[in-house]
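Listed here are the chains, written in short residue letters.
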Amino acid sequence: MKTAQEHNQSYNYAFLDEPSKREIRRKTLKAVAIPGYQVPFASRELPIARGWGTGGLQLTLSLIGDDDCVKVIDQGSDDSVNAVSIRNLVQETTNVSVTTQTEAATIIQSRHRIPEVPLTPEQVLVLQVPKPEPLRNVESSEKRTRIQHGEKNYNAMWLELYEDIVKWDHALFDADYPVMVHGRYLMAPSPIPRWDTPKLHQSSFLTLLGAGREKKIYAVPPYTDVEPLQFDDYPFQVESFNSKACTRCGSTDVFLEENTDETNGEVHYQCSDTAYCNKVLDEKGGR
Amino acid sequence: MSLVESPLLSIRNFYKKYGDGCLFCTTDSESENPYMDGNRCLECGTVWACRNLNFDLYQGEILGIVGESGSGKSTLVKSLFFNEEPTYGEMYLASYRDGEQNVFDCSHQTKRYLQNHELGMVDQNPYHGLRMDYSSGGNIAEKLIAADYSHVGQMVERAEELLEKVEIPVARMNEPPRKFSGGMQQRVQISKALANRPPLLLLGEITTGLDLSVQARVLDLIRTIQQELKVSMIVISHDLGVIRMLTDRTLVLNQGRIVENGLTDQIMEDPQHAYTQLLVHSLL
Ligand SMILES: Nc1ncnc2c1ncn2[C@@H]1O[C@H](COP(=O)(O)OP(=O)(O)OP(=O)(O)O)[C@@H](O)[C@H]1O
Ligand SMILES: [Mg+2]
Ligand SMILES: [Zn+2]
C-alpha cells in the first residue's frame, strides 16, 4: 500500500532539484544586492501552469526549510483554489507546517495583496508577478527598456503619468503602481492595490518578487526606499473607502472589497484580507 | 574684457564612417586618394559621410549647412545631438566645463544630460521627432520632464506659452500631432525643441515636404524666435533659398568635406569653390 510518506519521496525535497534551487538562490541574492533590478533566471517547469504563480512558488520552494511555516494568499484570501493548490504542493513536497495566520508564517506567498498586519523582520514576503517590466506599456522593445533602466531614463513613464493627469486629473495606474526603488530602478510592485504600496517603503521585512513566465526575480530588501512616481502637484494617493466599514468585522482602516448583494442590489464592503477579518472577529469574540 | 568672443560650439577633426574602413581609406589626406570614389572607399566599400570637419558657432548666430543629397548633413546633425557615434573628432560646448571637455568622450549619461538641457533638435520628419499618439502638450512636456520639471501645472503653463509662440491654438493642445497638418507638426516640434530654453537649436531639413506658403510661415517663425530668444542655430538644408533666408554664415558640404565656409551673402554673391558655384547658379 502507498502511504503519504512514500508519495512525498517520489519528489525531491521542495519539488525542485538541488541545482535549480541553488541557481534560484544565487539569483535571489543578486536581486537583493541590487534592489529593484530584474534578474533573469531559468524558470523551471512546475506542476502548475506558468502564469499561475510559478515565479513566486519557485522562490518559496528554493527558500524553504523544515523550520518554516508557510502562508499562501490569493487576492487576500487563503481559501481560493489557487492559494490552496499552491499551499498543498508546498506541504506535500516539504512537510513544513502551513498556516492562515499572518503572524505565524515565516514565508508569505501572495498574489495581489500584502497582509494588513504589519510584517516583521523575521518574515519574508514572496509576491507573484505577472508582468515584471514596469516600462513595457510605454516601450515594447526589451532592448530599449534595458537601456532605459541602465541610464535611469524613466521619462516615458513620467510622460504617461502626465498624460493621464492632463486627461483625467489623476494617474490611471491603479494596482501595480510604478515605484522607484532606492532612487535607482523603476519597479512594478506586482498588482497590489495602491493601498499596499506604502507598506514596501522602508519596510522591516524582505520582499521577493518572482515572474515565472517572464523568468525574472527582483527584490526589495529591508529598509529600502520605495517611492511611487508622483508629480509635486499631484501626490500619490491610496484608494479611499470614504470611511466605509467591513460588514463582517467592522474594520475601517483596511483595504475593502465591494460586493453587491444579488437579491436586493445592496452594496456591502468586506475586508479583502480574510485572515485579518477573522482575527478581528475572534478578538471581538464574535465567532 | 577679451576682444575675441569664445564660440558656443566648436567641432574639430570630425569624421564619421559607415563601414569598417581599411588601410586604403583610413589614411585620408587632403589630397585626392586614388582608392576613394568621392566619400566611398573602392577597396572596402566604407562610406566616409563626414571627413575632417572643423567649424565654430557663436552665440546668437545662425549657421547654415548646405550640400547635395548624401553630402553628410544629416550625419553631422545626428552626431551633434548624440544620436550617432562619431568615428573621430571633438565637440566642445561653452556651457559644459568651460568648453574644455570633448563631449564626444563623455558618458552616455552626460550626453543625455546635454541633450536634455543644452540642445534642441527639430527632425526633418515629424514622425521621428514627435509621439504622434500623445497630446501635443504632452510632447512638449516630454522635453520638460527630461529637463527635470516635476510640476504638472508649470509644464502645462509652459506648453501653452510655447504653443502660442508657434501659433498653434492652445485649445488644440490636448490633440495628438497625428491630427495636425505637416506645417503644424513642424511647429509642435519647434516648440518642443525650445521647451527647455536650449542655447543651441539644431534644425534638420524642416521644410521638406511642406507647401511653399507653409514653408514660408515656418521660416518666418524661426526668424522671429531667433530674434526674440537669441538662441544659436544650425540649419541644415539642401535648399539654398532656405539658407539665404535664415543664416548669417554657411558651410558648404561636398562628399563629406567642407569646401567653402563664409558669410552667407558673400557665398551667394561670389562663390569660390566650383561646387558652390554650381549650387548657386542652379538656384538662379
Ligand atoms: N546608417 C547608415 N549606414 C550606411 N551609410 C549611411 C548611413 N547613414 C548615412 N549613410 C551614408 O552617408 C552619406 C551621408 O548621408 P547623410 O544622410 O548624412 O546625407 P545628407 O547630406 O543628409 O543627404 P540628404 O540631403 O539626402 O538628406 C551617404 O552616402 C549615405 O549613404
Ligand atoms: Mg539628410
Ligand atoms: Zn473584516
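For every chain, the first residue of the written sequence is number 1, and numbering continues from 1 onward in sequence order. Lettering of chains starts at A and numbering of ligands starts at 1, both following the order in which they are written. A pLDDT threshold of at least 70 governs which residues receive local features in this predicted model, and a stricter bar of 80 or more applies before side-chain atom pairs are shown or counted, although totals over entire chains, interfaces and linings include all residues. Side-chain measures here rest on the full set of heavy atoms in the structure, leaving out hydrogens and waters.

Secondary structure elements follow DSSP: runs of H or I no shorter than four residues count as helices, runs of E no shorter than two count as strands, and numbering proceeds from the N terminus. Helices and strands together make up the secondary structure of chain A, namely seven helices and 12 strands. For 287 residues, the compact-globule formula gives about 19 Å, and the C-alpha radius of gyration of chain A, at 20 Å, lands near that figure. Expressed as lengths along the three principal axes of its C-alpha atoms, the size of chain A is roughly 70 × 50 × 35 Å. Burial classification: accessible surface area is computed with a 1.4 Å probe over protein chains only, and a residue below 20% of its type maximum counts as buried, one above 50% as exposed, and the rest as partly exposed. Counting across all 287 residues of chain A, residues that qualify as buried make up 50%. Our radius of gyration is a C-alpha quantity, and the globule rule it is checked against amounts to 2.2 Å times the number of residues to the power 0.38.

When a carboxyl oxygen of Asp or Glu is within 4 Å of a side-chain nitrogen of Lys or Arg, the pair counts as a salt bridge. What the rule picks out here adds up to 33 salt bridges over all chains. For the salt bridge of R197(B) with E161(B), the shortest nitrogen-to-oxygen distance reads 4.0 Å. Residue R197(B) is located in the loop between α7 (182-194) and β8 (200-203), and its partner E161(B) is located in helix α6 (residues 152-165); the two are separated by 36 residues in the primary sequence. Residue classification places E161(B) among the partly exposed positions, given a relative accessible area of 40%. Residues joined by salt bridges that share partners form a network here, namely R113(A), E116(A), D196(A) and K199(A).

Another point: the site of ligand 1. Residue and element names in this part refer to chain B. Nearness is defined per residue: one heavy atom within 4 Å of the molecule or strand is enough. Near ligand 1 there are 14 residues, and of these S69, G70, K73, S74 and T75 occur at the shortest range. S71 places a polar main-chain atom, nitrogen or oxygen, 3.2 Å from an oxygen atom of ligand 1. We get accessible surface area from the Shrake-Rupley algorithm with a probe of 1.4 Å; when it comes to residues, only the shown protein chains can shield them. Its free accessible area being 640 Å², ligand 1 has 63% of it covered by the protein chains. Mapped onto the shell around ligand 1, the elements with two or more residues apiece are β4 (47-57) and α2 (73-80). Among the elements that make up the shell around ligand 1, the one with the highest residue count is α2 (three residues). Three classes are used, and their members are as follows: Ala, Val, Leu, Ile, Met, Phe, Trp, Tyr, Cys and Pro are nonpolar, Asp, Glu, Lys and Arg are charged, and the others, Gly among them, are polar. For the shell around ligand 1, a count of residues per class yields three nonpolar, eight polar and three charged. Counting of polar contacts relies on pairs of N or O atoms within 3.5 Å, with two restrictions inside protein: one atom must be capable of donating a hydrogen and the other of accepting it, and residues adjacent in sequence are counted only when both atoms are side-chain atoms.

All names here are of chain A. In terms of burial, helix α3 (residues 54-63) is a largely internal element, nine of the 10 residues being buried. Turning to α3, its buried residues number three or more, namely T54, G55, G56, L57, Q58, L59, T60, L61 and S62. Two residues qualify as a contact provided that any one of their heavy atoms is within 4.5 Å of a heavy atom in the partner residue. Elements that come into contact with the buried residues of α3 comprise α2 (18-33), α4 (81-94), β4 (107-111), β5 (124-128), β8 (206-211) and β9 (216-220).

Moving on: the interface of chain B and chain A. Each partner contributes residues to the interface: chain B has 20 residues there, and chain A has 17 residues. Buried area, as used here, totals the accessible surface that two parts lose on assembly, with accessibility defined by a 1.4 Å probe and the loss added over both. Between chain B and chain A, roughly 1,700 Å² of surface is buried when both sides are summed, and carbon and sulfur atoms account for 57% of that area. One can count one salt bridge joining chain B with chain A. Between R112(B) and E151(A) there is a salt bridge, and its shortest N-O distance comes to 3.0 Å. Linking chain B with chain A are seven residue pairs in polar contact (both at pLDDT 80 or more), by the criterion used here. Among the elements of the structure, α3 (108-117), α5 (136-146) and α6 of chain B are those that each provide at least two residues to the side of chain B that touches chain A. Across the side of chain B that touches chain A, the residue classes tally to eight nonpolar, nine polar and three charged.

Our focus in this paragraph is the coordination of the zinc ion (ligand 3). Residue and element names in this part refer to chain A. Protein coordination of the zinc ion (ligand 3) is provided by C246 (SG), C249 (SG), C271 (SG) and C277 (SG), with donor distances spanning 2.1 to 2.4 Å. Each metal's donors are the N, O and S atoms found within 2.8 Å of it, except that Na, K and Ca use a 3.2 Å limit; water is left out, so coordination can look incomplete. When four donors show all angles between 85 and 135 degrees the site is tetrahedral, when four or six donors have opposite pairs over 155 degrees and all other angles between 65 and 115 it is square planar or octahedral respectively, and in every other case it is irregular. Coordination geometry of the zinc ion (ligand 3): the four donor atoms subtend angles of 104 to 117 degrees at the metal centre, consistent with an arrangement described as tetrahedral. For the zinc ion (ligand 3), the donor residues sit on a single chain with the sequence spacing C-x2-C-x21-C-x5-C. Of this pair, C246 sits in the loop between β10 (226-228) and β11 (256-260) while C277 sits in helix α7 (residues 274-283), and the two are 31 residues apart along the sequence. Classification of C246 by relative accessible area gives buried; the value is 3%.

All right, on to a negative patch on the surface then. Residue and element names in this part refer to chain B. Residues D248, D265, E269 and D270 make up a contiguous surface patch of negative charge. When you line up the elements, D265 lands in helix α10 (residues 264-269). D265 sits in the exposed class, given a relative accessible area of 56%. Patch membership requires more than 30% relative accessible area and the absence of a salt bridge. Residues of like charge join within 9 Å; the nonpolar side chains Val, Leu, Ile, Met, Phe, Trp and Tyr join within 5 Å. When charges are tallied, Lys and Arg are placed among the positive residues and Asp and Glu among the negative ones, while His and the ends of the chain are skipped. Here the site of a charge means NZ on Lys, CZ on Arg, CG on Asp, or CD on Glu.

Turning next to the domain arrangement of chain A. All names here are of chain A. Under the domain assignment used here, chain A contains domain 1 (4-135 + 170-228) and domain 2 (241-287). Domain borders in the structure are assigned automatically or taken from a domain database. Placing the centre of domain 1 and that of domain 2 at their C-alpha centroids yields a distance of 26 Å. Of the residues lining the interface, 13 residues belong to domain 1; the matching set on domain 2 comes to 11 residues. Of all residues in domain 1, R113, E116 and W195 give up the largest surface area on contact with domain 2, accounting jointly for 47% of the area buried on that side.

Moving on: α4(A). All names here are of chain A. The terminal C-alpha atoms of α4, which comprises 14 residues, lie 20 Å apart, in line with the 20 Å expected from a rise of 1.5 Å per residue. Where α4 is concerned, the buried positions are A83, I86, R87, L89, V90, T93 and T94. Around the axis of α4, the buried residues are gathered within 155 degrees of arc, so they sit on the same side. Following α4 by one or two positions, N95 has its phi on the positive side, about 65 degrees. To estimate how far a helix should reach, multiply one less than its number of residues by 1.5 Å. This arc is built from the directions going out from the helix axis to the C-beta atoms.

This paragraph deals with the nonpolar core. Counting 55 residues, the largest nonpolar core has Y162(A), F231(A), I190(B), L203(B), I222(B) and M233(B) as the members making the most contacts within it. Looking at this core, the element that brings in the most residues is helix α6 (residues 155-168) of chain A, giving six residues. Residues grouped as a nonpolar core are buried Ala, Val, Leu, Ile, Met, Phe, Trp, Tyr and Cys residues, joined through side-chain atoms within 4.5 Å. Membership of the second largest hydrophobic core comes to 30 residues, among which are L9(B), L57(B), L93(B) and L114(B).

In this analysis, the protein atoms alone were mapped onto a 1 Å grid. Cavities are point sets where a 1.4 Å probe fits without being able to get out; pockets are open sets with protein on both sides within 12 Å along at least five of seven lines; lining residues have an atom within 4 Å of a point. Grid points are joined across faces, edges and corners, and a volume is the space filled by probe spheres set on the points. Approximately 1,600 Å³ is the volume found for the largest pocket. Every residue lining the largest pocket is counted, 42 residues in all, and those nearest its centre are F81(B), N83(B), Q115(B), H128(B) and E142(B). Contributing elements (two or more residues each) for the lining of the largest pocket: α5 (142-150) and α6 of chain A together with α2, α3, β7 (119-122), α4 (126-129), α5 and α7 of chain B. Here the lining of the largest pocket gets five residues from one element, more than from any other, and that element is α3(B). Residue composition of the lining of the largest pocket, grouped by class: 14 nonpolar, 14 polar and 14 charged. The space that makes up the second largest pocket amounts to roughly 490 Å³. If you go around the second largest pocket, you meet 21 residues; those closest to its centre are K152(A), Y154(A), N155(A), W158(A) and D148(B). Where the lining of the second largest pocket is concerned, the elements lending two or more residues are α6 and β10 of chain A together with α3 and α5 of chain B. Its residues assigned to classes, the lining of the second largest pocket comprises 10 nonpolar, six polar and five charged.

Further remarks concern the sheet that holds strand β7 (residues 185-187) of chain A. Residue and element names in this part refer to chain A. With respect to topology, three strands assemble into an open sheet ordered β7-β6-β10, the strand pairing being antiparallel. Only two strands of the sheet have a single neighbouring strand rather than two, namely β7 and β10. In this sheet, adjacent strand axes meet at a mean angle of 35 degrees when their direction is disregarded. Paired strands, as defined in this entry, are two strands with at least two bridges between them according to DSSP. Where strand β6 (residues 179-181) and β7 come together, three bridges link them in antiparallel fashion. What sits directly across from M180, in β7, is L186. To obtain an axis, a line is fitted to C-alpha atoms, over the contacting stretch when the element is a helix, and the angle between two such axes runs from 0 to 180 degrees between their N-to-C directions.

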